[in-house]
Structures are given as structure tokens and as C-alpha cells.
Amino acid sequence: MIDVENLSKTYSGFRAVQGISFHVEKGEIVGFLGPNGAGKSTTMKVLAGYLPPTDGKIKIAGHDVVTESIEVRKRIGYMPENVPLYTDMRVTEFLRFRAELKKVPRNKVKERVETVKQLCSLKDVENRIIGTLSKGYRQRVGLADAMVHDPDLLILDEPTIGLDPNQIRAVRDLIKDLGKHHTILLSTHILSEVELTCSRVLVINRGKIEASDTPANLTKLVRGGGSIILEVKAPAAEVTSKMQALPDVEDVEMILPADGDWTHAKIFAKPGVDVREKIYDVVRQNNWPLRELSRVKATLEEAFVELTQE
Ligand SMILES: Nc1ncnc2c1ncn2[C@@H]1O[C@H](COP(=O)(O)OP(=O)(O)OP(=O)(O)O)[C@@H](O)[C@H]1O
Ligand SMILES: [Mg+2]
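Predicted model, so just to flag it, every value in this text is computed and none were measured. (Residues numbered from 1 in each chain as written. Chains lettered and ligands numbered in written order. Predicted model: local features only at pLDDT ≥ 70, side-chain atom pairs only at ≥ 80, totals over all residues. Heavy atoms only, no water.)

## Examining the coordination of the magnesium ion (ligand 2)
Coordination of the magnesium ion (ligand 2) by the protein comes from Ser41 (OG) and Glu81 (OE), over a distance range of 2.0 to 2.5 Å. Placement of the pair is serine 41 in helix H1 (residues 40-47) and glutamate 81 in the loop between strand E6 (76-79) and helix H3 (91-101), with a sequence separation of 40 residues. Look at serine 41 and you get buried, because its relative accessible area is 13%. The exposure class assigned to glutamate 81 is partly exposed, which follows from its relative accessible area of 31%. (Donors = N, O, S within 2.8 Å, 3.2 Å for Na, K, Ca; no water. Helix = DSSP H or I, 4+ residues; strand = E, 2+ residues; numbered from the N terminus. Buried < 20%, exposed > 50% of the residue type's maximum accessible area, 1.4 Å probe, protein only.)

Below you can see the structure in the form of C-alpha cells.
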């Protein structure tokens, strides 16, 4: 659905995006992550045909964004980071206007506008002047606008920015739902959202792609992803040596301060190996009283920090 080869974008000499390549398959929901200024919005604007690339080949559903921009725009719903809305129009009026602008056939306009109002929970405010709506409702109008011509691909630049937790949840559910029939590329800084909605993550940093993988695989890259916490009543030295003797265990660290005779340890195993069962065997053989045996899951946030910090 999206084929990007060697895309670069230079703003008066400054290379904001530096020769990136990536592909998004039909039906994927891809999270586009990166620190401020990494080049997410720039890339999305180029994909949506709002900015010409300085270099590279970009195809959307097989159409070149530069030479076939009309074909491309038909297939893309783009929600920019600052949703530009006609603030003196009413919601329904605005969506109809946008549908006509996007060449939705005349006899389909009413139906499409109704559909997107339903999808984005805008029925309650359909007759309100956009300028009087709260930020969250304006975001939803922006999303409805992006979808009104029923595009195959949605490019959403921080769709949940500025929303309250309830609205974030509502938009997240909506995106998940839309993902059943659409391909979606969305940028966001809310990593828990990405873990819940995206099948794949692209991490961009200083104009270059640092990673492209599932959220689960990215968290496996983090040191301590999948480490084990163990708390037993036994001397620390004995626990350390017996744990280190286990195959696949790479390191044992104490979690301090210790509570009386209890030893609290963090055990690092080889990536992807679950050593909990073997640890429990040792605990049983030694009759150590056991208070905790659990696995620590690394978060996408930790993976993000490892990938994007010097
Ligand atoms: N119109 C412009 N003129 C000059 N430089 C620009 C322009 N737009 C963006 N830039 C620069 O390009 C770089 C990438 O910006 P971009 O907006 O793509 O980042 P971003 O990843 O979307 O960041 P954020 O998370 O803050 O939205 C930044 O250094 C930015 O200052
Ligand atoms: Mg941005």
C-alpha cells in the first residue's frame, strides 16, 4: 500500500528526512514513532502529497505521489498535526463541503457524511459551529474529514494529541475498528496506545529509520526485557551462585535494600528464553521459602529510549 524508496526532504539546506525506505502492506496498522523533530510529520506530508519530496520514489497503492497525485489523494485520508478546520462552519456543513471537494459522487455525499459522523461520535454536535467545539471534538471532526471520501489508507499525524484519557480511549478503539478495513499509518507519542493498536512500529530518529518491527519484538531488544524477579529466604551469595549456574542465565543483580533474611534478585536470561521453571526447580530443591517469582516485561517506552538516545 505504501512503498517508500530512499525518500529525502530538505528544507532550505536542512535534511529533515535522510533517504528513508519502508513499506506498509494493505491492512497493517503501523505506528510511526520518533522524538520531536525526527521527521514524522515531514514524511507524512510527503506521503499525502502535501509536500514534494527532495529525492526518492513514493508510491501509494501503486501510484506515484508526485506524478499521479490525484489518484493518490483519492486513496488517502490525511489528518495533519494541526487540523485546519473552517471554524465558522457547522460540523455537517463542513463535512459536506469537504466531501464535495474530495469528489465524492453527489448522490453519496449525504450517506458518507452520516457514516463518518456516526463513526466519530459527532451526532451530538452536528449542528454546532466548529469554532465553539472543544479540542477533542475538533480532532474528531478532523478525523471524520480524513475519512469522508472512504479512502483505503489513513495517514494520521498525532490523532490523539490534546485529548483527555476517555477520548484517547475512544479514538484508539475507533482506530482499531477502522484498521479492520483500512491501512493506517499513525504517529503518536503515547506508546501504550501503540502497544494496543499497532501491528508494527517504525521508529525514526533524526531523519533515519532506526527500527521496524512488532511492538513485542522491539521490547525484546531491551536489556532486562524478560528478566525475572525472585525473592527467597536464603543468603544472597548462595542464591547468586545457584542462579548463575543455570544454563541461559547471564547475570544476577541484587535488588536492595534487602528485607531481613530475604534475598531479592533480578535475574537476566538470554533474550527470548523463559527460565522461570528452572528457577523454581532450584527454589524447591533448596526448600527456600518463596515470596516472589515473576517476569518483568520491558515496555515499548524503554525500547524507544534505547533506540533514540545517544
Ligand atoms: N517548513 C519547514 N521549514 C524548515 N524546517 C522545517 C519545516 N518543517 C519542519 N522542519 C524541520 O524538520 C525537522 C523535522 O520536523 P517534523 O515536523 O517532520 O518532525 P516530527 O517528527 O513531526 O516532530 P514532532 O514530534 O515534534 O511533531 C525538524 O527539525 C523541523 O524543525
Ligand atoms: Mg510532527
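## Digging into the sheet that holds strand E4 (residues 55-60)
Judged by pairing direction, the sheet is antiparallel, and its four strands sit side by side in the order E2-E1-E4-E5 without closing on themselves. The open sheet is flanked by strand E2 (14-24) and strand E5 (63-64), the only strands paired with a single partner. Direction of pairing for strand E1 (residues 2-11) relative to E2: antiparallel, over a ladder of seven bridges. The residue bridging threonine 10 from the neighbouring strand is arginine 15, located in E2. Lying over the sheet, H1 contacts E1, E2 and E4, oriented at roughly 120° with respect to E1. (Pairing = 2+ DSSP bridges. Contact = heavy atoms within 4.5 Å. Axes fitted to C-alpha atoms, helices over the stretch in contact; angles between N-to-C directions.)

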